[in-house]
Amino acid sequence: MKHFKNVLFFIVSFFLTVQVCAQTPVIKTIGFPDIPGYKTLVCDFHQHTVFSDGEVWPTIRVREALNGGLDAISITDHIEYQPHSEDIPHPDRNRPYHIALEAAENTGLLVFSGSEITRDMPPGHANAIFLPDANKLVGLDSMEVFREAKKQGAFVFWNHPHWYAQSPNGTAILTRIHKQLIKEGLIKGIEIVNEHSYSDEALKIAIDNKLTMIGSSDIHDLIDWHYNTAEGGHRPVTLVFAKENNEESVREALQLGRTAVWFDQTLIGKDEFLVPLIQQSIVIRKTQIMESYTGKSTVVSISLENISDSDYILENQTDFTFYDNTDVVMLKANAVTTIQVKPLKALKTFTLRFKVLNAVTAPKKHPLINVNVYTVQN
Ligand SMILES: [Zn+2]
Ligand SMILES: [Zn+2]
């Protein structure tokens, strides 16, 4: 009987353990395939800590980035806004960077120095990253602070240009001062996505002025709370198409505008990057011709695996129709979706063409992608 009790205890504790394991939240990393010629790096260049108006120590930002599978981050505390200064006087504005850099040692995560230049609109807020000495930006006037950042070799982008607190109609407006900053090469990028917001107008400004497209979390509390990662949410990120996974390559890619933004299951960027990125994300796993009573039918079943972390909503652009779908097909992230295509005659090869409805290349414009199908295996 005692022995039976032990066995019972073992069985109960085993199931309890399984139960507890099943309830442990799965940590969700962000991943996208590389594109021809470049590595796709997942980056967040706009984050706060207690060294300005954030609520956490810089080490937490490093842990969050590692949990989320990010390749590069920068911590960009406000230079001019220091609400915790009574508790944390913060005489050295490079300190949050140094703490984060030490925490990221030997993890593979790249950490870049940075600060948020915090002014009324115009020019509003801007982030300077790759900034060797943030202390030198303290106390300078609106133009001088940008000139000092440039002198230090920083990459500067305009933050949340559409933020309704500073731009009451919620629209990004390019003022004379912004035009001057762009003309002098003092601003090289622009957030088209900040936190939970996206701006069509900022995207247009980016395209018209050849500014690098940036998407940032601008996190102040915790990524998991703020973006509800337990329910499948994700922080906005900048995808950087870099030759190598190192600081120099990220800097080069930012200078040359090789980025895209992933925001709320939507990709935003230039055609030249979104098309290969989405095409590399979709892999044909199986092609099968369906059988009829008299032999082969002309219906072709195609299993498509989406190996990226973004869902794709595809709209059929060909004359073919589908046997088991309307003209809109959803490819869930990290899953295989099978569609049955009706080319109406036996074809050795054909091309499916889709408009990607949850990807944006310009205001109200969506990229077109091809999927080449071979019905005869070599
Ligand atoms: Zn800001
Ligand atoms: Zn900020």
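Before reading on, note that the structure itself is shown above.
Everything quoted here is computed from the prediction, not taken from an experiment.

1. Brief notes about the coordination of the zinc ion (ligand 2)
Argument step 1. Bound to the zinc ion (ligand 2) are the protein donor atoms H46 (NE2), H48 (NE2), E116 (OE) and D218 (OD), situated 2.1 to 2.3 Å from the metal.
Argument step 2. Given four donor atoms and angles of 79 to 164 degrees at the metal, the environment of the zinc ion (ligand 2) is assigned as irregular.
Argument step 3. Counting the intervening residues between successive donors of the zinc ion (ligand 2) yields the motif H-x1-H-x67-E-x101-D.
Argument step 4. By relative accessible area, which is 0% here, H46 ends up buried.
Argument step 5. Exposure remark for H48: the relative accessible area of 0% places this residue in the buried category.

2. Comments concerning the packing of aromatic side chains
Argument step 1. All chains considered together, the criterion is met by eight aromatic pairs.
Argument step 2. Considering the side-chain rings of F155 and F157, the 6.3 Å spacing of their centres and the 45 degrees angle between planes classify their relative orientation as tilted.
Argument step 3. Among the aromatic residues, ring-to-ring pairing joins F45, F112 and F130 into one connected group.

3. Considering the coordination of the zinc ion (ligand 1)
Argument step 1. Within the protein, the zinc ion (ligand 1) binds to E116 (OE), H125 (ND1) and H160 (NE2); these donor distances fall in the range 2.0 to 2.2 Å.
Argument step 2. Of note, the zinc ion (ligand 1) draws all its donor residues from one chain, in the sequence arrangement E-x8-H-x34-H.
Argument step 3. The distance between the zinc ion (ligand 1) and the zinc ion (ligand 2) comes to 3.5 Å, and E116 binds to both of them. Residue E116 shares its accessibility class with H125, and that shared class is buried.

4. Some words on the nonpolar core
Argument step 1. Formed by 45 residues in total, the largest nonpolar core has its most connected members in L267 and L352.
Argument step 2. Sort the elements by how many residues they give to this core and helix α9 (residues 271-281) lands first, with five residues.
Argument step 3. Setting aside chain neighbours within four positions, we find L267 in contact with F32, L239, V261, W262, L274, L277, I278, Y312, N358, A359 and V360.
Argument step 4. With 31 residues, the next largest nonpolar core counts I79, V145, V156 and W158 among its residues.

5. What about the packing of helix α2 (residues 58-67) against helix α3 (residues 95-103)?
Argument step 1. The contact between α2 and α3 brings their axes to 8 Å, and the two run at 45 degrees. One way to sum up the angle between α2 and α3 is to call them oblique. Judged by the twist between their axes, the crossing of α2 over α3 is right-handed. In contact with P58, T59 and V62 of α2, α3 contributes P96, I99, A100 and A103.
Argument step 2. For the contact of α2 with α3, the residue count by class is six nonpolar, one polar and no charged.

6. Thoughts on the sheet that holds strand β19 (residues 349-356)
Argument step 1. As summarised here, the arrangement of the four strands in space is β17-β15-β19-β21, forming an open sheet in which the pairing is antiparallel. The two strands at the open ends of the sheet, each matched to only one other strand, are β17 (328-331) and β21 (368-374). For this sheet, the mean angle separating the axes of adjacent strands, direction not counted, is 35 degrees.
Argument step 2. In this structure, β19 lies alongside β21, joined through seven bridges in antiparallel fashion.

Definitions and limits used
- Residues numbered from 1 in each chain as written.
- Chains lettered and ligands numbered in written order.
- Predicted model: local features only at pLDDT ≥ 70, side-chain atom pairs only at ≥ 80, totals over all residues.
- Heavy atoms only, no water.
- Donors = N, O, S within 2.8 Å, 3.2 Å for Na, K, Ca; no water.
- Tetrahedral: all angles 85-135°; square planar, octahedral: opposite > 155°, others 65-115°.
- Buried < 20%, exposed > 50% of the residue type's maximum accessible area, 1.4 Å probe, protein only.
- Phe/Tyr/Trp six-rings, centres within 6.5 Å; stacked < 30°, edge-to-face > 60°.
- Core = buried A, V, L, I, M, F, W, Y, C linked by side-chain atoms within 4.5 Å.
- Helix = DSSP H or I, 4+ residues; strand = E, 2+ residues; numbered from the N terminus.
- Contact = heavy atoms within 4.5 Å.
- Axes fitted to C-alpha atoms, helices over the stretch in contact; angles between N-to-C directions.
- Parallel < 35°, antiparallel > 145°, perpendicular 65-115°, else oblique.
- Left-handed = near helix turned anticlockwise from the far one by under 90°.
- Nonpolar A, V, L, I, M, F, W, Y, C, P; charged D, E, K, R; others polar.
- Pairing = 2+ DSSP bridges.

In short, the description is geometric, and any link to function would need to be established separately.
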